[in-house]
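Single-letter residue listing:
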Amino acid sequence: MSLLAAGGLLAAGGLLAAGGLLAGCSAPRAAEPPPAAPTVRPSPLPTATATPTLPPTYTPAPGPTATEAPSFEFILSVENVLPGFLRAIFVASDGTLALASTQGVAELPPDGRAWNTITFRDGVVLGFDPAGRLLRMVPDGAAIRAWDGQAWQDYGLAQGWIGLDNLFSETQPVRWMGGAPDVTWLATARDVRRFDGRRWRVFPPDELNLPPVGRTLLSTRYVTVAALDGTAWAGNCYVDGDRTVGGAGLRRWDGRTWQPVRLPEPGGCISALALDSETLWAVRDGVLWGIPLSGEGDLQWHTPPPPGGELTTGAARDLLTTPDGAIWVTLELCSDVACGSQTQLWRLKDGIWQAVGEPQIGAGQTLLADSDGRVWLFDAGGLWRADGARLDPAGALRLTAYGRTTDGRLWLLADRNGQSGVWREP
(Lines give C-alpha, C1' and ligand atoms only; values in the text may rest on other atoms or scores of the structure.)
Protein backbone atom coordinates (compact mmCIF):
# COMPACT_ATOMS: atom_id res chain seq x y z
CA MET A 1 0.00 0.00 0.00
CA SER A 2 1.41 3.38 -0.89
CA LEU A 3 1.56 6.19 1.60
CA LEU A 4 -0.86 8.12 -0.55
CA ALA A 5 -3.43 5.38 -0.24
CA ALA A 6 -2.79 4.66 3.43
CA GLY A 7 -5.08 7.42 4.67
CA GLY A 8 -4.94 9.18 8.04
CA LEU A 9 -1.19 9.61 7.87
CA LEU A 10 0.78 10.38 11.00
CA ALA A 11 2.88 13.46 11.43
CA ALA A 12 6.57 12.72 11.62
CA GLY A 13 9.93 14.45 11.60
CA GLY A 14 11.63 15.38 8.37
CA LEU A 15 15.37 15.51 7.90
CA LEU A 16 16.94 15.32 11.33
CA ALA A 17 20.66 15.64 11.03
CA ALA A 18 22.04 15.70 14.56
CA GLY A 19 21.33 19.05 16.17
CA GLY A 20 19.20 20.24 13.31
CA LEU A 21 15.87 20.30 14.60
CA LEU A 22 13.74 21.64 17.39
CA ALA A 23 11.42 18.76 18.52
CA GLY A 24 9.78 17.05 21.45
CA CYS A 25 7.23 19.66 22.53
CA SER A 26 3.77 18.70 23.59
CA ALA A 27 0.92 19.82 21.36
CA PRO A 28 -0.02 23.44 22.10
CA ARG A 29 -3.47 24.88 22.37
CA ALA A 30 -4.64 27.50 19.94
CA ALA A 31 -2.92 30.84 20.39
CA GLU A 32 -4.83 34.09 20.42
CA PRO A 33 -3.20 37.28 19.12
CA PRO A 34 -1.53 39.10 22.04
CA PRO A 35 -2.77 42.54 23.11
CA ALA A 36 -0.57 45.45 24.03
CA ALA A 37 2.76 44.88 25.75
CA PRO A 38 2.29 42.82 28.92
CA THR A 39 3.72 43.72 32.26
CA VAL A 40 7.28 42.44 32.60
CA ARG A 41 8.07 40.78 35.90
CA PRO A 42 11.08 38.56 36.53
CA SER A 43 10.52 35.06 37.76
CA PRO A 44 11.42 34.39 41.40
CA LEU A 45 15.09 33.91 42.01
CA PRO A 46 16.01 30.26 42.36
CA THR A 47 16.78 28.97 45.80
CA ALA A 48 19.67 26.97 44.46
CA THR A 49 21.78 26.98 41.34
CA ALA A 50 23.95 24.38 39.75
CA THR A 51 27.44 25.35 38.59
CA PRO A 52 29.03 22.59 36.56
CA THR A 53 32.69 21.79 36.76
CA LEU A 54 34.20 21.88 33.31
CA PRO A 55 36.95 19.33 32.79
CA PRO A 56 39.50 19.89 30.02
CA THR A 57 38.01 17.01 28.07
CA TYR A 58 34.92 14.86 28.31
CA THR A 59 35.03 11.13 27.64
CA PRO A 60 31.58 9.49 27.63
CA ALA A 61 31.24 6.44 29.81
CA PRO A 62 31.03 3.22 27.80
CA GLY A 63 27.49 2.22 26.88
CA PRO A 64 25.87 -0.96 28.12
CA THR A 65 26.77 -4.21 26.42
CA ALA A 66 23.11 -5.04 25.78
CA THR A 67 22.29 -5.40 22.11
CA GLU A 68 19.45 -2.86 22.29
CA ALA A 69 18.72 0.38 24.07
CA PRO A 70 16.56 -0.57 27.09
CA SER A 71 13.68 1.75 26.27
CA PHE A 72 13.55 1.34 22.49
CA GLU A 73 12.39 -1.80 20.77
CA PHE A 74 14.32 -3.08 17.76
CA ILE A 75 12.00 -3.57 14.77
CA LEU A 76 14.13 -4.52 11.77
CA SER A 77 17.41 -4.05 9.99
CA VAL A 78 17.40 -1.73 6.98
CA GLU A 79 20.86 -2.52 5.70
CA ASN A 80 20.98 -2.50 1.88
CA VAL A 81 17.32 -1.44 1.52
CA LEU A 82 18.33 1.70 -0.38
CA PRO A 83 21.46 3.00 -2.06
CA GLY A 84 23.10 6.11 -0.67
CA PHE A 85 22.93 7.46 2.87
CA LEU A 86 19.71 7.09 4.89
CA ARG A 87 18.13 10.43 5.79
CA ALA A 88 14.47 10.21 6.94
CA ILE A 89 11.73 7.96 8.35
CA PHE A 90 7.92 8.13 8.29
CA VAL A 91 5.22 5.88 9.78
CA ALA A 92 1.66 5.88 8.39
CA SER A 93 -1.45 5.18 10.44
CA ASP A 94 -1.93 1.78 8.79
CA GLY A 95 1.57 0.72 9.82
CA THR A 96 3.30 1.40 6.50
CA LEU A 97 6.93 2.30 7.10
CA ALA A 98 8.78 4.63 4.73
CA LEU A 99 12.48 5.46 4.53
CA ALA A 100 14.39 7.92 2.39
CA SER A 101 18.04 8.07 1.45
CA THR A 102 20.13 10.39 -0.66
CA GLN A 103 19.32 8.17 -3.64
CA GLY A 104 15.88 6.66 -3.10
CA VAL A 105 12.69 6.09 -1.14
CA ALA A 106 11.29 2.77 0.12
CA GLU A 107 7.98 1.63 1.62
CA LEU A 108 7.33 -1.48 3.67
CA PRO A 109 3.60 -2.39 3.85
CA PRO A 110 2.06 -3.52 7.15
CA ASP A 111 2.36 -7.19 6.19
CA GLY A 112 6.13 -6.71 6.02
CA ARG A 113 6.50 -8.92 2.97
CA ALA A 114 8.74 -6.81 0.75
CA TRP A 115 10.05 -3.29 0.30
CA ASN A 116 8.76 -1.19 -2.57
CA THR A 117 11.57 1.08 -3.72
CA ILE A 118 12.20 3.82 -6.22
CA THR A 119 15.62 5.36 -6.78
CA PHE A 120 16.90 8.67 -8.11
CA ARG A 121 20.32 10.02 -8.91
CA ASP A 122 20.39 13.60 -7.78
CA GLY A 123 18.80 16.30 -5.67
CA VAL A 124 18.84 17.15 -1.96
CA VAL A 125 16.45 15.16 0.27
CA LEU A 126 14.56 17.37 2.73
CA GLY A 127 12.42 14.70 4.38
CA PHE A 128 8.78 13.64 4.66
CA ASP A 129 6.02 16.20 5.09
CA PRO A 130 3.10 15.51 7.50
CA ALA A 131 1.16 13.77 4.69
CA GLY A 132 3.99 11.34 4.03
CA ARG A 133 5.27 12.90 0.81
CA LEU A 134 9.02 12.74 0.35
CA LEU A 135 10.35 16.15 -0.63
CA ARG A 136 13.65 16.68 -2.40
CA MET A 137 15.14 19.72 -4.04
CA VAL A 138 16.34 19.39 -7.63
CA PRO A 139 20.10 19.95 -8.13
CA ASP A 140 19.86 23.59 -9.26
CA GLY A 141 17.44 24.47 -6.44
CA ALA A 142 14.75 25.67 -8.86
CA ALA A 143 12.00 23.29 -7.70
CA ILE A 144 10.91 20.81 -5.06
CA ARG A 145 9.98 17.33 -6.26
CA ALA A 146 7.49 15.37 -4.11
CA TRP A 147 6.89 11.59 -4.16
CA ASP A 148 3.39 10.67 -2.95
CA GLY A 149 3.79 6.90 -3.21
CA GLN A 150 2.59 6.81 -6.81
CA ALA A 151 4.30 9.57 -8.81
CA TRP A 152 6.57 12.60 -8.62
CA GLN A 153 5.03 16.08 -8.51
CA ASP A 154 7.10 19.20 -9.15
CA TYR A 155 6.63 22.43 -7.19
CA GLY A 156 8.46 25.26 -8.93
CA LEU A 157 7.97 28.95 -9.48
CA ALA A 158 4.35 28.46 -10.57
CA GLN A 159 3.63 26.75 -7.23
CA GLY A 160 5.33 29.45 -5.16
CA TRP A 161 8.82 27.97 -4.77
CA ILE A 162 11.70 30.41 -5.28
CA GLY A 163 15.04 28.97 -6.34
CA LEU A 164 17.50 28.25 -3.55
CA ASP A 165 21.08 27.27 -4.24
CA ASN A 166 22.54 27.25 -0.72
CA LEU A 167 19.98 25.27 1.25
CA PHE A 168 22.65 23.39 3.15
CA SER A 169 25.18 26.10 3.93
CA GLU A 170 27.68 25.45 6.68
CA THR A 171 26.07 28.02 8.94
CA GLN A 172 22.42 27.02 8.54
CA PRO A 173 21.17 23.46 8.83
CA VAL A 174 17.63 23.00 7.58
CA ARG A 175 15.05 23.60 10.31
CA TRP A 176 12.13 21.39 9.36
CA MET A 177 9.04 21.88 11.52
CA GLY A 178 5.45 20.69 11.24
CA GLY A 179 2.55 22.80 12.43
CA ALA A 180 -1.09 22.48 11.51
CA PRO A 181 -2.04 19.23 9.72
CA ASP A 182 -0.52 19.09 6.23
CA VAL A 183 1.59 22.21 6.85
CA THR A 184 5.37 22.22 6.89
CA TRP A 185 7.67 25.11 7.77
CA LEU A 186 11.21 25.30 6.46
CA ALA A 187 13.84 27.76 7.72
CA THR A 188 16.80 28.26 5.41
CA ALA A 189 19.88 30.47 5.43
CA ARG A 190 17.94 33.00 3.36
CA ASP A 191 14.28 33.00 4.46
CA VAL A 192 11.36 31.06 5.97
CA ARG A 193 9.07 28.89 3.80
CA ARG A 194 5.64 27.32 4.28
CA PHE A 195 4.21 24.34 2.35
CA ASP A 196 0.51 23.41 2.62
CA GLY A 197 0.65 20.36 0.35
CA ARG A 198 -0.35 22.36 -2.71
CA ARG A 199 1.77 25.48 -2.79
CA TRP A 200 4.86 26.96 -1.22
CA ARG A 201 4.92 30.44 0.24
CA VAL A 202 8.29 32.08 0.70
CA PHE A 203 8.72 34.79 3.35
CA PRO A 204 11.84 36.84 2.55
CA PRO A 205 13.48 38.89 5.32
CA ASP A 206 11.61 42.09 4.44
CA GLU A 207 8.23 40.33 4.75
CA LEU A 208 9.30 38.61 7.96
CA ASN A 209 10.42 42.00 9.23
CA LEU A 210 13.62 40.18 10.21
CA PRO A 211 16.33 41.91 8.17
CA PRO A 212 19.43 39.91 7.27
CA VAL A 213 22.78 41.07 8.54
CA GLY A 214 24.24 43.99 6.64
CA ARG A 215 27.91 42.98 6.86
CA THR A 216 29.11 40.65 4.13
CA LEU A 217 31.37 38.64 6.46
CA LEU A 218 28.46 37.64 8.66
CA SER A 219 25.65 35.18 7.97
CA THR A 220 22.07 34.82 9.19
CA ARG A 221 20.25 31.88 10.79
CA TYR A 222 16.49 31.60 11.02
CA VAL A 223 14.46 29.44 13.42
CA THR A 224 10.72 28.68 13.43
CA VAL A 225 8.10 26.92 15.52
CA ALA A 226 4.42 26.42 14.68
CA ALA A 227 1.21 25.69 16.60
CA LEU A 228 -1.59 23.36 15.53
CA ASP A 229 -3.91 26.31 14.87
CA GLY A 230 -1.63 27.61 12.12
CA THR A 231 0.10 30.33 14.14
CA ALA A 232 3.87 30.38 13.76
CA TRP A 233 6.84 32.28 15.16
CA ALA A 234 10.21 33.06 13.63
CA GLY A 235 13.43 34.66 14.77
CA ASN A 236 16.98 35.02 13.57
CA CYS A 237 20.60 35.35 14.66
CA TYR A 238 23.57 37.03 13.04
CA VAL A 239 26.62 34.77 13.02
CA ASP A 240 30.30 35.65 12.87
CA GLY A 241 32.29 32.46 12.44
CA ASP A 242 31.22 30.26 15.37
CA ARG A 243 29.61 33.06 17.42
CA THR A 244 26.24 34.76 17.37
CA VAL A 245 26.47 38.56 17.39
CA GLY A 246 22.88 39.74 17.75
CA GLY A 247 19.77 39.44 15.66
CA ALA A 248 16.50 41.10 14.67
CA GLY A 249 14.27 39.60 17.37
CA LEU A 250 11.05 37.57 17.29
CA ARG A 251 7.99 37.70 15.00
CA ARG A 252 4.54 36.04 15.05
CA TRP A 253 2.59 34.86 11.97
CA ASP A 254 -1.15 35.34 12.45
CA GLY A 255 -2.15 33.84 9.12
CA ARG A 256 -1.80 37.11 7.23
CA THR A 257 1.26 39.05 8.35
CA TRP A 258 4.30 38.79 10.60
CA GLN A 259 4.00 40.96 13.71
CA PRO A 260 6.69 41.84 16.27
CA VAL A 261 6.50 39.97 19.58
CA ARG A 262 6.86 42.52 22.32
CA LEU A 263 9.82 41.95 24.59
CA PRO A 264 11.42 44.56 26.84
CA GLU A 265 14.04 45.39 24.21
CA PRO A 266 13.82 45.05 20.43
CA GLY A 267 16.10 42.80 18.45
CA GLY A 268 18.35 40.11 19.83
CA CYS A 269 19.49 36.68 18.65
CA ILE A 270 16.64 34.15 18.79
CA SER A 271 18.49 30.82 18.71
CA ALA A 272 15.70 28.37 19.73
CA LEU A 273 11.92 28.25 20.05
CA ALA A 274 9.55 25.73 21.68
CA LEU A 275 5.89 25.51 22.68
CA ASP A 276 3.92 23.97 25.48
CA SER A 277 0.18 24.20 26.01
CA GLU A 278 0.28 27.72 27.45
CA THR A 279 3.64 29.32 26.64
CA LEU A 280 6.00 30.13 23.79
CA TRP A 281 9.57 29.65 25.00
CA ALA A 282 12.40 31.50 23.27
CA VAL A 283 16.13 31.70 23.92
CA ARG A 284 17.23 35.26 23.18
CA ASP A 285 20.88 36.18 23.68
CA GLY A 286 21.31 33.29 26.12
CA VAL A 287 18.24 34.15 28.25
CA LEU A 288 15.14 31.93 28.31
CA TRP A 289 11.90 33.87 27.85
CA GLY A 290 8.36 32.60 28.45
CA ILE A 291 5.61 34.40 26.51
CA PRO A 292 1.96 33.52 27.33
CA LEU A 293 0.09 32.26 24.27
CA SER A 294 -3.12 33.81 25.59
CA GLY A 295 -1.60 37.26 25.57
CA GLU A 296 -2.55 37.60 29.24
CA GLY A 297 -0.24 37.43 32.21
CA ASP A 298 3.37 38.41 32.70
CA LEU A 299 6.42 37.61 30.67
CA GLN A 300 8.90 35.32 32.37
CA TRP A 301 12.64 35.32 32.05
CA HIS A 302 15.23 32.92 33.38
CA THR A 303 18.99 33.36 33.15
CA PRO A 304 21.01 30.15 33.44
CA PRO A 305 23.87 30.14 35.94
CA PRO A 306 27.33 31.03 34.61
CA PRO A 307 29.20 27.90 33.51
CA GLY A 308 32.26 28.69 35.60
CA GLY A 309 35.86 29.54 34.86
CA GLU A 310 36.35 31.81 31.88
CA LEU A 311 33.50 30.26 29.90
CA THR A 312 30.24 31.96 29.02
CA THR A 313 26.99 30.63 27.57
CA GLY A 314 26.14 31.20 23.92
CA ALA A 315 23.32 30.25 21.58
CA ALA A 316 20.91 27.38 22.22
CA ARG A 317 21.32 24.16 20.24
CA ASP A 318 18.11 22.47 21.45
CA LEU A 319 15.04 23.49 23.44
CA LEU A 320 12.08 21.36 24.51
CA THR A 321 9.43 21.07 27.20
CA THR A 322 8.07 18.02 29.02
CA PRO A 323 4.65 17.36 30.61
CA ASP A 324 6.03 17.74 34.15
CA GLY A 325 6.59 21.45 33.48
CA ALA A 326 10.34 21.18 32.98
CA ILE A 327 12.20 23.02 30.24
CA TRP A 328 15.33 21.50 28.74
CA VAL A 329 17.88 23.55 26.84
CA THR A 330 21.30 22.77 25.41
CA LEU A 331 23.51 25.87 25.39
CA GLU A 332 26.84 26.41 23.69
CA LEU A 333 29.80 27.16 25.94
CA CYS A 334 32.12 29.90 24.74
CA SER A 335 35.69 30.87 25.57
CA ASP A 336 37.84 33.71 24.31
CA VAL A 337 39.06 31.41 21.53
CA ALA A 338 36.04 29.43 20.35
CA CYS A 339 32.30 29.05 20.83
CA GLY A 340 30.32 25.82 20.59
CA SER A 341 33.11 23.28 20.91
CA GLN A 342 31.39 22.30 24.18
CA THR A 343 27.72 22.32 25.14
CA GLN A 344 25.88 21.94 28.44
CA LEU A 345 22.40 20.51 28.91
CA TRP A 346 20.28 22.35 31.48
CA ARG A 347 16.93 21.58 33.11
CA LEU A 348 14.71 24.35 34.49
CA LYS A 349 11.87 23.36 36.79
CA ASP A 350 10.07 25.44 39.43
CA GLY A 351 12.54 28.26 38.84
CA ILE A 352 15.59 26.11 39.62
CA TRP A 353 18.34 25.53 37.05
CA GLN A 354 20.11 22.18 37.13
CA ALA A 355 23.07 21.13 35.00
CA VAL A 356 22.41 17.68 33.52
CA GLY A 357 25.53 15.59 33.06
CA GLU A 358 28.94 16.90 32.14
CA PRO A 359 29.62 19.26 29.23
CA GLN A 360 29.50 17.52 25.88
CA ILE A 361 32.39 17.84 23.43
CA GLY A 362 31.71 18.75 19.80
CA ALA A 363 28.58 19.19 17.74
CA GLY A 364 26.05 16.61 16.67
CA GLN A 365 23.85 16.20 19.75
CA THR A 366 20.08 15.80 19.41
CA LEU A 367 17.67 16.17 22.33
CA LEU A 368 14.31 14.34 22.21
CA ALA A 369 11.42 13.64 24.58
CA ASP A 370 9.33 10.49 24.22
CA SER A 371 5.57 10.17 24.74
CA ASP A 372 6.05 9.62 28.49
CA GLY A 373 8.14 12.76 28.87
CA ARG A 374 11.47 10.96 29.26
CA VAL A 375 14.34 12.94 27.80
CA TRP A 376 17.02 11.38 25.60
CA LEU A 377 20.29 12.76 24.29
CA PHE A 378 21.88 11.33 21.18
CA ASP A 379 25.53 12.11 20.41
CA ALA A 380 28.52 10.52 18.74
CA GLY A 381 28.94 8.24 21.77
CA GLY A 382 25.44 6.81 21.51
CA LEU A 383 22.23 7.19 23.49
CA TRP A 384 21.90 8.78 26.93
CA ARG A 385 18.88 9.10 29.22
CA ALA A 386 18.48 12.20 31.36
CA ASP A 387 17.68 11.25 34.96
CA GLY A 388 17.73 14.21 37.30
CA ALA A 389 21.19 15.71 37.09
CA ARG A 390 22.63 12.60 35.43
CA LEU A 391 23.04 11.39 31.87
CA ASP A 392 22.90 7.61 32.05
CA PRO A 393 24.25 5.56 29.12
CA ALA A 394 21.35 3.76 27.43
CA GLY A 395 22.80 2.05 24.38
CA ALA A 396 25.07 2.39 21.38
CA LEU A 397 22.46 3.86 19.04
CA ARG A 398 23.61 6.71 16.80
CA LEU A 399 20.63 8.65 15.55
CA THR A 400 20.09 9.29 11.86
CA ALA A 401 16.46 10.46 11.86
CA TYR A 402 13.24 10.10 13.80
CA GLY A 403 9.49 10.24 13.32
CA ARG A 404 6.46 10.37 15.59
CA THR A 405 3.04 8.78 15.47
CA THR A 406 0.01 10.87 16.40
CA ASP A 407 0.17 9.60 19.99
CA GLY A 408 3.71 11.00 20.26
CA ARG A 409 5.59 7.70 20.16
CA LEU A 410 9.09 7.90 18.74
CA TRP A 411 10.39 5.83 15.85
CA LEU A 412 14.13 5.94 15.32
CA LEU A 413 16.26 5.39 12.26
CA ALA A 414 19.63 4.71 13.83
CA ASP A 415 22.98 2.98 13.49
CA ARG A 416 24.28 0.36 15.91
CA ASN A 417 27.71 -1.16 15.47
CA GLY A 418 27.81 -0.03 11.86
CA GLN A 419 24.40 -1.52 10.99
CA SER A 420 21.33 0.59 10.18
CA GLY A 421 17.99 -0.32 11.70
CA VAL A 422 14.62 0.91 12.95
CA TRP A 423 13.68 1.14 16.63
CA ARG A 424 10.51 2.34 18.28
CA GLU A 425 9.35 3.47 21.66
CA PRO A 426 7.51 0.52 23.26
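Residues numbered from 1 in each chain as written. Predicted model: local features only at pLDDT ≥ 70, side-chain atom pairs only at ≥ 80, totals over all residues. Heavy atoms only, no water.

Broken down by element type, the protein chain carries two helices and 33 strands. Per-residue burial over the protein chain gives 53% buried out of 426 residues. As displayed, the protein chain offers around 18,100 Å² of accessible surface, 51% of which is attributable to carbon and sulfur atoms. (Helix = DSSP H or I, 4+ residues; strand = E, 2+ residues; numbered from the N terminus. Buried < 20%, exposed > 50% of the residue type's maximum accessible area, 1.4 Å probe, protein only. Areas by Shrake-Rupley, 256 points an atom, 1.4 Å probe, with all protein chains shown as cover.)

This brings us to unusual backbone geometry. Phi at Asn80 takes a positive value of approximately 65 degrees, unusual for a residue other than glycine. You can see Asn80 is positioned in the loop between β1 (73-77) and β2 (86-91). Located in the positive-phi region is Asp350, a residue other than glycine, with phi close to 55 degrees. Note on placement: Asp350 falls in the loop between β25 (339-349) and β26 (352-361).

Strand order in the open sheet made by the four strands is β23-β24-β25-β26, with antiparallel pairing throughout. Where the open sheet ends on each side, the last strands, each with one partner, are β23 (312-321) and β26. Put simply, the sheet's adjacent strands are angled 25 degrees from each other on average, direction ignored. As paired strands, β25 and β26 are joined by seven bridges and run antiparallel to one another. Note on β26: the bridge partner recorded for Gln342 is Ile361. (Pairing = 2+ DSSP bridges. Axes fitted to C-alpha atoms, helices over the stretch in contact; angles between N-to-C directions.)

Here four strands make up an open sheet; going across it, the order is β19-β20-β21-β22 and the pairing antiparallel. Taken across any chain shown, the strands that pair with only one partner, and hence form the sheet edges, are β19 (270-275) and β22 (300-302). Recorded for the sheet is a direction-independent mean angle of 20 degrees between the axes of neighbouring strands. Two strands pair when backbone bridges link them, and β19 and strand β20 (residues 279-284) are joined in this way by five bridges, in the antiparallel orientation. Across the sheet, Leu275 pairs through a bridge with Leu280, a residue of β20.

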